[in-house]
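Chain and residue survey
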Amino acid sequence: MVGPRPIGLYGPAVTDPSDRGLKTLSLSCGPSVGMKLQCDVEVVNRMLPSFGMKSRGKGTRAVLSIGKHLDKTSQRSNIYMMICTSKDRTGSKYKLKDNIEKFFTWFVEEGKATVRLKEPAVDICLSKADANSLKSFLSAARLADRGSVTSSLPLSTLTPVRARDVEQPKKKLTIVSKKDYPITSNFPYSLEQLQVSYCKLSRMDMRMLSLKALRKLDLSNNHIKKLPATIGDLGCLSELVLHNNHLEAFSEALCLSTLQRTLQILDLSQNRLRWLPPQFCQLKELVNLKLDDNELTCLPFRVGRLSKLRFLSAAHNQLAALPSDFRRLSLENLDLFGNPFVQPNPLDHTMKLTFPLPLQEMASRAVADLRLPYGPHLIPGHLCRDLEVAKACDCGRVCVNFFIKTAVSMNLHQVSHTVVLVDDMGGTDAPVQQHFCSLSCYSQFLDNSLQRGIR
């Protein structure tokens, strides 16, 4: 009969850690050196409840080692686990052979586990560990418990640790010189903010993708040409700075990753971007977006879907006009200075209409107007992409691939509280695209424009 579960146990017990996908043995796994592990540790005495006492429920930063130690009583070497903390740098040793009652490894992927010892009756609760290193460490502990430690196991020397080894996890790291860039060592797994600038990186270091707590990643002033899609696996990332690199594209995969739910600040200024995918507007948590000094000829068609966007700068690009959806934005600050905006003339238009309309266009319009559900499981993928960029006419109806397009002038103060002047002449107007689903809608627009001009 198992008593009440002590505070600090991480998941149901398993007698074999491999049941939770633990590695049998890994000799190069994250921040481990030899058979060592850096993590938070709490040693809970299971007898405390019997005396009406509770553990404090909080771990201490520690270094755990597995190595041989001479037992003075038996004069024989045995395998021990040693736990060193800042208060006890010489360490406490626990015999492992035939002495592990259970492993609790349900949350091992989150860097948490518990090792229950028979003697003394304690639970060693581990947390804030690198998941891969923890798996390897537990596998080594399992081998030691069974007495099947092999010569290939890199046992550690059980010696006191240095003070810096038991410091609290590092949250912030700034590297602004190539000579300071870590080549042989890993980035601290606990980092929440990482800046790596002026290091001439041509691609993103894949080791950064294991920093699951990362909230801010600044890779500005490098030579990065392409971002890996797996950057979207950084589930806490809220700020991404890629200023002054060589980026030529921002992939669809990134737009559809977990960045949709987390990314609030994105700096893509001073790159070589010529366009952004329609899916870019899926990054709906964006508050601050910097696109200055690129080669953009247009902004994403559905930019108005970025309902939380408050700061937008796209100065010094090649924008001739803004998408019609731009009117839906509600900004605090807007900077579009230095773009080759063309003075709009309602009579200048692009005609993309045929009579009668093709059946596919009529069907697509019906799906959009009636807001019918669609997806690649129902209709071909290219039709889904067309519907994603459907245009809204002044009459309220939708047009997809067949329409009349023109541009009208809009004062940017309609969408932003503060506007940086668009040109050296002090203007704050910019052309915005407008689409019409039929000749009659375009004619009505021309009549209204003419009447306003007469007045």
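Given the structure is predicted, the values throughout are model-derived calculations rather than measurements.

What to know about the sheet that holds strand E16 (residues 331-335)
- Taken in spatial order, the nine strands make up an open sheet running E9-E10-E11-E12-E13-E14-E15-E16-E21, and their pairing is parallel. Looking at strand neighbours, the two that pair on one side only are strand E9 (172-175) and strand E21 (416-420), the edges of this open sheet. Direction aside, the axes of adjacent strands within the sheet are offset by 5 degrees on average.
- Across three bridges, the pairing between strand E11 (residues 216-218) and strand E12 (residues 239-241) is parallel.

Some thoughts on the pairing of strand E4 (residues 76-85)
- The buried count for E4 comes to eight of ten residues, which makes it a mostly enclosed element.
- Examined bridge by bridge, E4 and strand E5 (residues 92-95) share four bridges and lie antiparallel to one another. In the strand pairing of E5, Met-82 is matched with Lys-93.

Topic: the packing of aromatic side chains
- Counted under the stated rule, the structure contains five aromatic pairs.
- A centroid spacing of 5.9 Å and a plane angle of 75 degrees characterise the contact between Tyr-181 and Phe-187, whose relative ring orientation is edge-to-face. Judged on exposure class, the residue Tyr-181 and its partner Phe-187 are both buried.
- Plain terms: the ring middles of Tyr-442 and Phe-445 are 6.2 Å apart, the flat faces sit at 25 degrees to each other, and that makes the pair stacked. With Tyr-442 and Phe-445 both in helix H6 (residues 439-454), this residue pair falls three residues apart, about one helical turn. Considered together, Tyr-442 and Phe-445 belong to a single accessibility category, that of buried residues.
- Taken together, Phe-436, Tyr-442 and Phe-445 form an aromatic cluster joined through their ring pairs.

Side note on the pattern of salt bridges
- One pass over the full model with this rule turns up 15 salt bridges.
- For Lys-135, the salt bridge is made with Glu-109, and the minimal N-O distance between the two is 2.5 Å. With Lys-135 in helix H1 (residues 131-146) and Glu-109 in the loop between strand E6 (100-104) and strand E7 (113-117), the pair connects residues that are 26 residues apart, well separated along the chain.
- Judged by its relative accessible area of 8%, Lys-135 falls in the buried class.

Things to note about unusual backbone geometry
- Residue Pro-120 follows Glu-119 across a cis peptide bond; omega there is -5 degrees.
- Structurally, the position occupied by Pro-120 is in the loop between E7 and strand E8 (122-127).
- In this structure, Pro-356 follows Phe-355 across a cis peptide bond, with omega equal to -5 degrees.
- Positionally, Pro-356 belongs in the loop between strand E17 (350-352) and helix H4 (359-369).
- Positive phi, close to 55 degrees, is recorded for Lys-128, a residue that is not glycine.
- The topology assignment puts Lys-128 in the loop between E8 and H1.
- A positive phi is found at Asp-293, a non-glycine position, where the angle reads about 55 degrees.
- Mapped onto the secondary structure, Asp-293 falls in the loop between strand E14 (288-290) and strand E15 (311-313).

Reading guide: rules and limits
Residues numbered from 1 in each chain as written. Predicted model: local features only at pLDDT ≥ 70, side-chain atom pairs only at ≥ 80, totals over all residues. Heavy atoms only, no water. Pairing = 2+ DSSP bridges. Helix = DSSP H or I, 4+ residues; strand = E, 2+ residues; numbered from the N terminus. Axes fitted to C-alpha atoms, helices over the stretch in contact; angles between N-to-C directions. Buried < 20%, exposed > 50% of the residue type's maximum accessible area, 1.4 Å probe, protein only. Phe/Tyr/Trp six-rings, centres within 6.5 Å; stacked < 30°, edge-to-face > 60°. Salt bridge = Lys/Arg side-chain N within 4 Å of Asp/Glu carboxyl O.

Geometric descriptors of this kind do not, in isolation, establish any biological role.
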